[in-house]
Every structure is written in structure tokens, then in C-alpha cells.
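Descriptive analysis of the structure
Now for the letters of each chain:
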Amino acid sequence: MTALAKTKTPAFDVAKIRTDFPILSRTVHGKPLVYLDSAASAQKPQAVIDAITRAYTQDYANVHRGAYYLSETSTAAYEAAREKVRAFINAKSLSEVVFTKGATEAINLVAATYGRKFLKAGDEIVLTAVEHHSNIVPWQLLRDAVGCELKIVPVNLDGSIDVAEFAKVIGPRTKLVAIAHVSNVLGTVLPVREIADLAHAAGAKIILDGCQGIVHQHVDVQALGCDFYVFSGHKLYGPTGIGVLWARAELLDAMPPYQGGGDMIDSVTFAKTTWAPAPAKFEAGTPPIVQAIGLGAAIDYLNSIDRAAAAAHEDTLLRYAMTSLAQIPGMKLIGTARHKAAVQSFVMEGAHPHDLATVLDRSGVCVRAGHHCAQPLMEILGVSATTRASFAIYNTMDEVDALVTALRRAQEVLL
Ligand code: C6P
């Protein structure tokens, strides 16, 4: 590592950040843990773990139901988490923030409610070639139900996507554009504001899959110009089992409920049921109470650090990783677009990605190998799988070095 690279982001104290994440001090196979799989799920700071423990040990009861003290405190904490999400993404109102169990459920919710009500045979949904299965399959289910069509915007070999390609595909039949904010395989940051403008000019709505986007950059849903934005808590340093659907209020008002049950109704008779307004309309049953509180704690944690410095730190890690990996013989980087978040896929000549990941694990290095739930993209790239290193606020330049050293060792073992 060069001295320059090491001093690039002096404002960001990664050593201090690391002390906030207890798991990072453990060893794996007798080696220090080098966790480079945060795109799959991020590790949790102590503040999130403490908030979850506190909720279960001090404040736990069901929400929106009881008239007693504990239920009131639990409800207040759950709704406070909603306000934290609202402020974090700059939503106009609390009623625009719907808790789901994850991004996958949020996209399915939009497809099953907005999609089934407003799309019909002959309408078109525009996706890109880089989408995660969670942003493909719900639209295929919708297509099979209502007879609409899916149009796919191509990806360039370097992983970039041209806005001009959207202009070719979006037309008068387009009703919805459903795209990733950031690709989970390539790290490409899509020019979502320009794409949103194109969608709106054609009279279409746009949903952004923000799973990877919100982790690496500040998200302001109003500035992005989108109609729907979804993400999962567990990639944002929060717990599993919680996600967010943000949608503009008038869209949520126009959408029918997703599931029926407790909490989502206004009144029920055997003859007829009326719905509660959003967000309750979309939160049937006992919600993921403690998970939402944990997500709120993750947002508090992120608000307590310098996020611009964190983003610069991640970018430094990415650039250093790209340069270092490229020096390994037989290495091919997958995803080298100019606008990238800290996710790097690669393939190494003669070594299957799964074998590589298994050998790296013996050195304590955790990376993901496989199709990354993006099989159509793998086919376009002409590979069955890649190995992927993804970086978070707690990773270090030394960990990039550890990855490179482990890869060189893996070459000796596998080739
Ligand atoms: N990607 C990865 O390793 P859920 O499972 O609902 O939390 O998130 C689904 C999802 C949707 N969109 C994108 C862009 C994603 O990256 C993911 C999750 C993980 O890349 C697990 S497959």
C-alpha cells in the first residue's frame, strides 16, 4: 500500500469505527476476521445490538393495541423508528414510510398492489440487465397475471448503463421503470435522477431498488425524483427482518392493501371491510417491532458519524482494491464503470469462484461467490459466477492487502 493511499482520508477514523462493531475482533480459522461481504449483509454496531437488547429486556410489548404503559412505550419506540427513517431519506411525511420485512417484500408489495391495479395487457415495465432477482421475479409474476411486458435496458461490458439506452426503451406504453440504484454485482451507480426524468416525461412511474444505494450514499427521495424507493435494514447495519417501502403519499393512497389482517383496517364486518390509511394499510399483523427499533438505532449510528468521510473512505478502499487486484496474474475485474460504489466482482483464470471463496475463508477472508441473485446478468457477462468483495465503513486498506495476499495463496493451491 502506498503512503498516499494510506493518508487519503485522514478525517475518517476507521480504527475507532471498528471498535463499534464487536464481531470484527473475532478470529475465523485462527485468523483475524476480514469481512468483505457487507453487500450480502452488514455487521452490526454495538449500538444496534444494545437497542435490540433494551427493547426486549425493558420495553417490549405489542404495538398499537394495548392501553398499558409498556405497549405505549413499545408503540412510541416503533413509531420513533419510522420518524428516523423518514428524516434519513427526507420523505415528506411519516405516512409515506411503510415497514416491510425487507426490500424483496417491498418490491413484491408494489407489484401486487400498484401493479395489479394500474397495469394491464400491453403495458410495459422497463428493467435493466443488472437487476437482482428481487427486482425481476415480482414483475414476471405481475406480467403473468396481467399480461404486461418486460423491456430490458442493456449493460455495457464495463458495467455502465447509458441513459441513451433508457431513452430508446421508454415509450408511451411504459407504465413503470424498476431499476437498481446501485448494482449488487458490479457496483455501478445508475444515473437515477436522469432516468426518473425520462420515466416521468413518458408518464411512467419509477421504483428504485435502493438495497445497495442507501448503504453507500446519502439518499434524498425527493431529490432523486423517484416514486418508490425500497431498501433492507440488514445491509444498512441494522437487523434482518426489517425493510422499508417509501412511496409518494398519493400513490400509497391509491394502492389497495397487500395483505389483510390486524392493524390494517378501519372497520370490519362480515359484509365489508374498510382500510386504515397508509402506512397502517400495508402493515397487516404484528409488525417487526424490535427490528424496526434496531433499524432506527442503525440510522442513529450512521447519523453520529461523518457519512461524507465514510463514503470517501469506501471509495479509497474500492480504488485501492481495483488497482491491487488488477496486478494479480489471470485476474479479470467485473464491473469497472466510472461511477461505482464499493463492490468489486472478479473472476480468476483457472479457479472457480466457489473454490476461491472457500480457500479465502481459510485465511479468514469472507467474500461471496456465485451468481449473486443476478443470473440474467451472469449470462450476459458470459460467466456462471463471480467472486465478489464488498466494502463497508469498517473495512481497512490492510484488509484489502489481506484479500490480495489470500488470493495469491489461493492461486498456489488451486492452479
Ligand atoms: N443482495 C447480495 O449479496 P433482501 O434479500 O430482500 O434483503 O434484498 C434483496 C436485494 C434486492 N436488491 C439488491 C440490489 C440486492 O443487493 C439485494 C440483496 C444480497 O447481493 C443478497 S442476494
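Small disclaimer: the values here were computed from a predicted structure and weren't measured. (Residues numbered from 1 in each chain as written. Predicted model: local features only at pLDDT ≥ 70, side-chain atom pairs only at ≥ 80, totals over all residues. Heavy atoms only, no water.)

Some thoughts on helix α14 (residues 353-362)
Formally: A simple rule labels every residue: compare its accessible area, found with a 1.4 Å probe on the protein chains alone, to the largest value its type can have, and call it buried under 20%, exposed over 50%, or partly exposed in between. To qualify as a helix, a DSSP run of H or I must reach at least 4 residues; to qualify as a strand, a run of E must reach at least 2; elements of each kind are numbered from the N terminus. The directions considered for the arc run from the helix axis to the C-beta atoms. We call two residues contacting when some pair of their heavy atoms lies within 4.5 Å.
When we look at burial in α14, the residues that qualify are P353, L356, A357, V359 and L360. Buried residues along α14 cover an arc of 165° about the axis, so they all sit on one side. Those residues of α14 that are exposed and angled more than 90 degrees off the buried face are T358 and R362. Packed against the buried residues of α14 are β14 (343-348), β15 (365-366), β16 (368-370), β17 (386-390) and α16 (397-414).

Comments concerning the layout of surface pockets
Using the following cut-off: Whether a set of points on the 1 Å grid over the protein atoms alone is a cavity depends on a 1.4 Å probe fitting there but being unable to get out, while an open set qualifies as a pocket with protein on both sides within 12 Å along at least five of seven lines; lining residues are those with an atom within 4 Å of a point. Grid points are joined across faces, edges and corners, and a volume is the space filled by probe spheres set on the points. Gly is put with the polar residues, along with every residue not named as nonpolar or charged; the nonpolar set is Ala, Val, Leu, Ile, Met, Phe, Trp, Tyr, Cys and Pro, and the charged set is Asp, Glu, Lys and Arg. For the domains described, the bounds stem from an automatic or database domain assignment.
Estimates place the volume of the largest pocket at around 320 Å³. Lining the largest pocket are 24 residues, and of these T104, H132, S134, C211 and K235 sit closest to its centre. For the lining of the largest pocket, the element with the most residues is helix α5 (residues 103-118), which contributes 3 residues. The residue makeup of the lining of the largest pocket, split by class, is 8 nonpolar, 9 polar and 7 charged. Counting contributing residues per domain, the lining of the largest pocket is built from domain 1 (3-32 + 306-414) and domain 2 (50-303), each supplying no fewer than three.

Focus: the site of the ligand
The condition that has to hold: It suffices for a single heavy atom of a residue to lie within 4 Å of a molecule or strand for the residue to be listed as near it. Residues adjacent in sequence count toward polar contacts only when both atoms are side-chain atoms; beyond that, a polar contact is any pair of N or O atoms within 3.5 Å, and within protein one must be able to donate a hydrogen and the other to accept it. With residues, only the protein chains shown are counted as cover, and all accessible areas are computed by Shrake-Rupley using a 1.4 Å probe. Here the criterion for a molecule occupying a pocket or cavity is that more than half of its atoms lie within 2 Å of the pocket grid points.
Residues in close proximity to the ligand total 16 residues, the closest being T104, D209, Q212, S232 and R368. At 2.7 Å, a side-chain N or O of H234 approaches an oxygen atom of the ligand. The contact in question runs from a nitrogen atom of the ligand to an N or O atom on the side chain of K235, over 2.9 Å. Contact with the protein chains hides 87% of the accessible area of the ligand, taken as 510 Å² for the molecule alone. Using a 2 Å cut-off from the grid points, one finds that the ligand occupies the largest pocket. Tallied by class, the residues present in the shell around the ligand amount to 5 nonpolar, 7 polar and 4 charged. Mapped onto the domain boundaries, the shell around the ligand takes at least three residues apiece from domain 1 (3-32 + 306-414) and domain 2 (50-303).

Observations concerning the sheet that holds strand β9 (residues 228-232)
We count it as follows: The pairing criterion for strands is at least two bridges between them, as found by DSSP. In this analysis, axes come from line fits to C-alpha atoms, helices being fitted only over the stretch in contact, and the angle between any two N-to-C directions falls in the range 0 to 180 degrees.
Sheet architecture is open: 7 strands sit in the order β4-β10-β9-β8-β7-β5-β6, paired in mixed fashion. In the strand order of this sheet, the two ends are held by β4 (97-100) and β6 (149-153), each with one partner. Neighbouring strand axes in the sheet, compared pairwise and without regard to direction, differ in orientation by 20° on average. Where β4 meets strand β10 (residues 243-247), 4 bridges bridge the pair, whose relative direction is antiparallel. Residue pairing in the sheet places V98 in a bridge with L245 of β10.

Focus on unusual backbone geometry
With an omega dihedral of 5°, the bond running from A278 to P279 counts as a cis peptide bond. Residues other than glycine seldom take positive phi values, yet H64 does so here, at roughly 60°. Structurally, the position occupied by H64 is in the loop between α3 (46-57) and α4 (69-89). On the basis of relative accessibility, which here comes to 34%, the residue H64 falls in the partly exposed class. Despite not being glycine, Y237 has its phi angle at roughly 70°, a positive value. Considering the arrangement of structural elements, one finds Y237 in the loop between β9 and β10.

Section: the pairing of strand β8 (residues 205-209)
Stated precisely, the cut-off is as follows: A clockwise path from the first strand over the helix to the second, with the strands pointing away from the viewer, defines a right-handed crossover.
With 4 of its 5 residues buried, β8 lies for the most part within the structure. By the bridge criterion, 5 bridges tie strand β7 (residues 174-180) to β8 in an arrangement that is parallel. Bridge assignment links I179 to a residue of β8, and that residue is L208. Read from β7 through helix α8 (residues 192-201) to β8, the crossover connection turns out right-handed. Pairing of β8 with β9, which is carried by 3 bridges, proceeds in the parallel orientation. Bridge pairing in β9 places D209 opposite V230.

Regarding the packing of α14 against α16
Angle between the axes and distance between the axes: these two values describe a pair of packed helices. The criterion, for reference: Crossings are classed by handedness, with left-handed meaning an anticlockwise turn of the near helix from the far one by less than a right angle and right-handed meaning a clockwise turn.
Interaxial distance between α14 and α16 falls to 9 Å at its minimum, and their mutual angle equals 115°. Crossing geometry of α14 relative to α16 is assigned as right-handed. Each of D355, L356, V359 and L360 in α14 lies in contact with α16, whose residues at this interface are L403, A406, L407, A410 and L414. Among the residues forming the contact of α14 with α16, the class breakdown is 8 nonpolar, no polar and 1 charged.

As for the pairing of β17
Most of β17 sits inside the fold, with 5 of its 5 residues counted as buried. Here β17 shows a buried face lined by T386, R388 and S390 and a second buried face lined by T387 and A389.

Describing the domain arrangement of the protein
To be explicit about the condition: Put simply, buried area is how much 1.4 Å-probe accessible surface two parts lose in total, over both of them, once they are put together. Take a side-chain nitrogen of Lys or Arg and a carboxyl oxygen of Asp or Glu: if they are within 4 Å of each other, that pair is a salt bridge.
The assigned domain composition of the protein is domain 1 (3-32 + 306-414) and domain 2 (50-303). Of the roughly 2,300 Å² buried where domain 1 meets domain 2, counting both sides, 59% is carbon and sulfur surface. Among the residues of domain 1 in contact with domain 2, R307, C373 and L377 are the three that bury the most area, contributing 28% of the side total. Inspection of the domain 1/domain 2 interface yields 0 salt bridges. Linking domain 1 to domain 2 there are 16 residue pairs in polar contact (both at pLDDT 80 or more). Elements that contribute at least two residues to the side of domain 1 that touches domain 2 include exactly α13 (307-326), β14 and α15 (375-381).

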